[in-house]
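# Coordinate inspection notes
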Amino acid sequence: MAKIKHNNFLYTVNEVFTDAKQEGVMHLYAEGDDFSGRTIGINNRKLFHFGTTGYLGLEQDARLKAAAIDAITKYGTQFPLSKSYISNPLYKELEEKLTAMYQNPVIVTKNSTLGHMGVIPNAVSDQDAIILDHQVHWSVQSAAKVLKNRSVPIDMIRHNDLNMLEDRIKSLSDKHKRIWYMADGIYSMYGDFAPLRDLKNLCEKYPQLYLYIDDVHGMSWIGKNGIGYALSQLDELSENILLFGTLSKTFGASGAVLVCSNTKMYHEIKTFGGPLTFSAQLEPASVAAATASAKIHLTPEIYEIQNDLRERVQYFNSLLQVTDLPLIDKNNSPVFFIGTGMPKTGYNFVSRLMREGFYVNLGIFPAVPVKNTGVRITISRHNKKSEIKDLVAAMVHHFPKALEDTHTNMQRVCKAFKLEVKSKAEDKAQTNLTVQIEDSILKIDKTLWNDRVGKHGVYDWEGLKFLEQVFSDNVLKEHNWTFHYMIIFDQEHNPILSTFLTVGLWKDDMLAKVSASEIIEEQRKTNPYYLTSKVLSIGSLFTEGDHLFIDENHPLMQQALDTLMQSIEILEERFKAKMVVIRDFCEQDTLHPYFQGQGFVRVQMPNSCKINIEVNETMESFITKLSSRNRRHLRKEILEYEPLLKIEVLKTCNKKQLKQIQQLYANVHQNNLGLNTFSFPDKLFESMSKHPNWEFIMVSLLENPNQIIGVMLCYNNGNHTYVPAFVGLDYIYLGEFYTYRQLLYQTIKRAIDLKYRRIDLGMTAFFEKRKLGATVEQKYAYIQTADNYTMELMGIME
């Protein structure tokens with residue numbers, strides 16, 4: 001079974017953030033002896049501040065500051081006791097004011113992250129199920145996933161996809177007491193809204209549906225008494241809704257607040273809420289400042305403050321409306337997102353705006369999909385209209401320059417966000433390249449292909465001709481692939497870049513944990529295409545190795561790569577592919593910065609193994625190079641059993657043999673959910689038997705030579721490379737005769753007999769292959785999707 005390392009998420013986030021940090025747009029330190037909210041000091045300069053989440057500017061209100069100072073004077077800098085024992089004297093008034101605001105019971109928490117960690121495991125029972133919007137805040141997702149330890153099913157749907165949500169509700173309703181849907185009221189990156197009124201209608205249709213809404217970005221700037229966007233849409237808080245608001249951000253103080261109208265649930269959470277019980281309580285200054293803010297919220301003044309902000313938001317919207325800037329979601333929230341598509345374009349645009357005197361936020365993975373990088377701009381009451389106007393003018397000036405600097409254009413950005421292209425400016429990039437794109441290897445020069453791309457694997461010219469025939473004209477759609485070959489030449493017709501791509505149907509959980517794939521496969525018994533997507537991939541699911549040839553010393557290499565990316569986007573749009581995969585690369589590959597800057601996420605694949613064979617190598621000389629431990633392993637578990645087995649190499653097989661081979665392969669495929677793919681078409685095995693480059697290393701019992709217990713399906717690459725592409729096993733005999741190890745040994749023996757120089761042993765089972773002298777290399781793929789939902793399913797966001 002293929003073993004995938006499920007640590008891609010933190011690894012990838014570290015890479016993306018490190019790039020942004022090196023570009024000087026993240027992990028910065030503010031400077032200065034004071035802070036007004038209007039400007040912020042960075043790198044010895046004062047920039048106009050368009051990155052705050054204090055939209056109403058209450059953090060600078062004199063009443064909040066005075067209350068905080070007075071609280072420190074009276075009660076000290078902290079109140080070092082758990083609230084389970086006794087609360088700071090100031091807490092009582094704060095809770096009373098918040099209860100008056102919401103007209104429902106409240107629980108004050110240290111912050112929203114700790115609040116979610118305390119509330120979700122308490123509110124959700126073992127008989128419940130959870131559905132997450134894939135853009136719900138990380139703190140909600142993190143707290144919810146703790147419940148996997150209690151076997152609470154946790155599902156995820158695409159952002160704001162109510163049809164998908166209803167399907168999940170239907171599938172879970174018979175087995176679970178309550179079904180929790182967890183979402184944000186206002187999403188922190190794009191500033192878009194949850195469809196709360198539609199969700200309320202779903203609750204009426206499905207009484208089992210409960211809503212858990214994180215409305216921290218909808219707080220204060222909207223709603224009666226500033227109680228937020230969610231309640232402005234829901235009108236009232238029914239017992240099947242839990243709502244989180246904030247006492248920081250727009251509220252101006254610190255902390256968070258849970259609002260719960262369900263009396264029983266409220267008392268259970270308040271009595272024992274994990275971190276709510278054991279964590280330190282809010283500092284006296286924070287409690288006092290929050291109380292001062294609550295008092296403002298309970299007066300008509302809050303509506304004057306809201307209107308003041310609303311005027312600025314409407315002004316900013318009106319200025320953006322007459323530009324070509326790609327605003328991702330137009331609404332009345334104070335959060336705006338200008339898409340750049342590629343991360344490197346986002347870095348460039350943010351840097352340009354900072355040099356111009358404006359601080360804005362970079363919106364990047366994992367908050368958004370990598371290919372949906374952009375600039376998050378927030379409007380607050382600190383911003384003057386003249387500064388807002390100047391910011392828009394700066395963006396209009398610098399956005400096309402950022403596109404030009406990073407070799408992209410407006411059309412590519414709009415396609416990444418599925419926006420209508422407002423204007424079709426000409427691509428100024430001059431081309432000195434000739435691009436040949438074909439739909440069959442028959443249209444590609446055989447010598448040219450084999451000299452560049454086809455040196456290894458099953459993707460030499462003959463191998464690809466074979467694959468085109470096998471993966472066409474089949475009954476099942478997952479068995480039909482389209483092939484595309486690309487060669488990019490310079491003006492002298494010298495190849496700079498060569499590769500091939502396939503479009504096919506993949507399982508979304510291909511790289512997911514086995515436990516997740518087992519659940520999904522149960523659904524596929526009645527719906528075989530459940531959670532599957534069309535994928536555009538360099539290489540194919542049948543091949544492994546260096547699918548991309550590029551002359552890294554050529555002066556036009558960068559231009560050739562840019563042409564490749566643009567061609568991939570054209571194919572992606574043409575075939576409506578939901579994911580693009582570029583594989584296989586080593587960890588230190590020089591193209592890594594380029595692919596990451598283009599919006600690809602690097603993920604770990606199974607280890608790849610190969611054996612290099614010396615000239616005039618014999619099996620005896622090869623064995624002497626093994627370690628003493630591995631030689632013992634060879635003698636005890638392979639050579640000792642070899643006399644008990646019938647070993648033969650066949651170029652062709654009869655129908656009975658092919659039927660056995662197909663079943664043996666199916667055994668391995670079905671046992672390999674660690675790399676969960678569709679099976680191959682039935683005609684594959686007969687086609688192999690008819691093809692001169694394929695052969696079968698077969699293992700049978702001497703006592704029953706007609707019963708095959710193991711087979712290695714091997715391809716003879718014309719460049720002195722032997723490729724054991726796939727294996728088939730009878731698991732009944734696997735432990736008794738060490739069949740897999742025997743097949744590996746016989747593969748090496750066969751390659752040496754053929755005087756080949758290399759064996760491409762492929763991915764997975766590296767431990768077994770290393771025992772027989774294989775070198776092991778960690779391989780990586782680069783993945784690009786339109787949303788993080790697919791990344792989650794593939795196990796990359798775990």
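Thresholds, definitions, all that
- Residues numbered from 1 in each chain as written.
- Predicted model: local features only at pLDDT ≥ 70, side-chain atom pairs only at ≥ 80, totals over all residues.
- Heavy atoms only, no water.
- Helix = DSSP H or I, 4+ residues; strand = E, 2+ residues; numbered from the N terminus.
- Rg over C-alpha atoms; globule rule 2.2 N^0.38 Å.
- Buried < 20%, exposed > 50% of the residue type's maximum accessible area, 1.4 Å probe, protein only.
- Contact = heavy atoms within 4.5 Å.
- Areas by Shrake-Rupley, 256 points an atom, 1.4 Å probe, with all protein chains shown as cover.
- Lys, Arg positive; Asp, Glu negative; His and termini not counted.
- Charge placed at Lys NZ, Arg CZ, Asp CG, Glu CD.
- 1 Å grid on protein atoms, 1.4 Å probe; cavity = no way out; pocket = protein on both sides within 12 Å on 5 of 7 lines; lining within 4 Å.
- Points joined across faces, edges and corners; volume = space filled by probe spheres on them.
- Nonpolar A, V, L, I, M, F, W, Y, C, P; charged D, E, K, R; others polar.
- Pairing = 2+ DSSP bridges.
- Axes fitted to C-alpha atoms, helices over the stretch in contact; angles between N-to-C directions.
- Parallel < 35°, antiparallel > 145°, perpendicular 65-115°, else oblique.
- Left-handed = near helix turned anticlockwise from the far one by under 90°.
- Patch = residues over 30% accessible without salt bridge, like charges linked within 9 Å, V, L, I, M, F, W, Y side chains within 5 Å.
- Salt bridge = Lys/Arg side-chain N within 4 Å of Asp/Glu carboxyl O.
- Phe/Tyr/Trp six-rings, centres within 6.5 Å; stacked < 30°, edge-to-face > 60°.

We now examine the overall build of the protein. In terms of regular secondary structure, the protein is built from 28 helices and 28 strands. Computed over the C-alpha atoms, the radius of gyration of the protein is 31 Å, within 12% of the 28 Å expected from 2.2 N^0.38 for a compact globule of 798 residues. Based on the C-alpha atoms only, the size of the protein along its principal axes is roughly 90 × 60 × 50 Å. Counting over 798 residues, the protein shows a buried share of 60%. Relative to all contacts within the protein whose residues are 6 or more apart in sequence, the contacts with residues 24 or more apart total 75%. Carbon and sulfur atoms make up 50% of the accessible area of the protein, which amounts to about 33700 Å² in all. If the 89 positive side-chain charges of the protein are averaged to one point and the 92 negative ones to another, these points end up 2 Å apart.

Attention shifts here to empty space enclosed by the protein. Under the criterion given, the structure shown has four cavities of 30 Å³ or more. Of the voids in this model, the largest cavity is the one considered here, and its volume is about 60 Å³. Every residue along the wall of the largest cavity is listed here: Trp 221, Leu 309, Arg 310, Val 313, Asn 332, Ser 333 and Pro 334. Grouping the constituent residues of the lining of the largest cavity by class yields four nonpolar, two polar and one charged.

Below, the discussion takes up the pairing of strand S13 (residues 373-378). For a regular strand, side-chain orientation follows a simple rule: the groups alternate between the two sheet faces. Burial of S13 is extensive: six of the six residues sit out of reach of the surface. Across six bridges, the pairing between strand S10 (residues 335-341) and S13 is antiparallel. Bridge pairing links Ile 338 to Val 375 in S13. The pairing of strand S12 (residues 361-363) with S13 spans three bridges and is classified as antiparallel. Within the sheet, the bridge partner assigned to Asn 361 lies in S13 and is Arg 376.

With that settled, consider unusual backbone geometry. Each neighbour pair has its own omega, and for Phe 365 with Pro 366 the value is 10°, a cis peptide bond. Structurally, the position occupied by Pro 366 is in the loop between S12 and S13. With an omega dihedral of 0°, the bond running from Arg 583 to Asp 584 counts as a cis peptide bond. You can see Asp 584 is positioned in strand S19 (residues 579-585). One non-glycine residue, Ser 151, lies in the positive phi region at around 65°. Among the structural elements, Ser 151 can be located in the loop between helix H5 (138-145) and strand S5 (154-157). Ser 151 gets classed as exposed once you look at its relative accessible area, which sits at 63%. In this structure, Asn 225 is a non-glycine residue whose phi angle is positive, near 55°.

Looking at where Val 603 falls in the secondary structure, it is placed in strand S20 (residues 601-604). For the pair Val 603 and Gln 314, spaced 289 residues apart in the sequence, the C-alpha separation amounts to 42 Å.

A word on the packing of helix H4 (residues 112-123) against helix H9 (residues 263-271). Across the interface, H4 lies against H9 with an axial gap of 10 Å and an inter-helix angle of 130°. In terms of their interaxial angle, H4 and H9 are classed as oblique. Crossing of H4 over H9 shows right-handed handedness. Contact with H4, carried on its side by Val 119, Asn 122 and Ala 123, involves Met 265, Glu 268 and Ile 269 of H9 and no other residues of that element. Broken down by class, the residue content of the contact of H4 with H9 amounts to four nonpolar, one polar and one charged.

On the surface, Leu 81, Tyr 85 and Ile 86 cluster together to form a nonpolar patch covering roughly 360 Å² of accessible area. With respect to the element layout, Leu 81 can be found in the loop between helix H2 (62-75) and helix H3 (91-102).

Scanning all chains against the criterion turns up 36 aromatic pairs. Aromatic pair Phe 48 and Phe 358: ring centres 6.0 Å apart, planes at 35°, arrangement tilted. Of this pair, Phe 48 sits in strand S2 (residues 45-49) while Phe 358 is found in strand S11 (residues 358-359), placing the two residues 310 residues apart along the sequence. Overall, Phe 358 belongs to the buried group, its relative accessible area being 5%.

With that settled, the discussion passes to the side chain of Thr 502. Residue placement: Thr 502 occurs in strand S16 (residues 495-507). Overall, Thr 502 belongs to the buried group, its relative accessible area being 4%. When neighbours within four sequence positions are excluded, Thr 502 is seen to be in contact with Trp 481, Thr 482, Phe 483, Val 535, Leu 536, Ser 537, Gly 539 and Ser 540.

Relative to the helices and strands, Ser 537 resides in strand S17 (residues 532-538). Among residues more than four places away in sequence, those in contact with Ser 537 are Phe 500, Leu 501, Thr 502, Trp 506, Val 581 and Arg 583.

One can describe the packing of helix H17 (residues 461-470) onto helix H24 (residues 683-690) by two numbers: an axis separation of 10 Å at closest approach and a directional angle of 145°. As H17 runs across H24, the sense of the crossing is right-handed. Of H24, the residues touching H17 (which contributes Phe 466, Gln 469 and Val 470) are Lys 683, Leu 684, Ser 687 and Met 688. Classifying every residue of the contact of H17 with H24 by side-chain character gives four nonpolar, two polar and one charged.

When you line up the elements, Arg 770 lands in helix H27 (residues 766-771). Exposure remark for Arg 770: the relative accessible area of 42% places this residue in the partly exposed category. Sequence-wise, Arg 770 and Asn 630 are 140 residues apart; in three dimensions their C-alpha atoms are separated by 9.0 Å. Residue contacts for Arg 770: discarding those within four places in its chain leaves Asn 630 and Val 776.

Once that is clear, we can look at the pattern of salt bridges. This model, assessed by the stated rule, comprises 37 salt bridges. With a shortest N-O distance of 2.6 Å, Glu 268 and Lys 264 are connected by a salt bridge. Within this pair, Glu 268 and its partner Lys 264 are both found in helix H9, separated by four residues, close to a single helical turn. Residue classification places Glu 268 among the partly exposed positions, given a relative accessible area of 36%. A salt bridge links Arg 741 to Glu 768; the shortest N-O distance between them is 2.7 Å. With Arg 741 in helix H26 (residues 739-753) and Glu 768 in helix H27, this pair connects stretches of sequence that are 27 residues apart. Each of Lys 507, Asp 509, Glu 521 and Arg 524 takes part in salt bridges that share partners, so that together they form one network.

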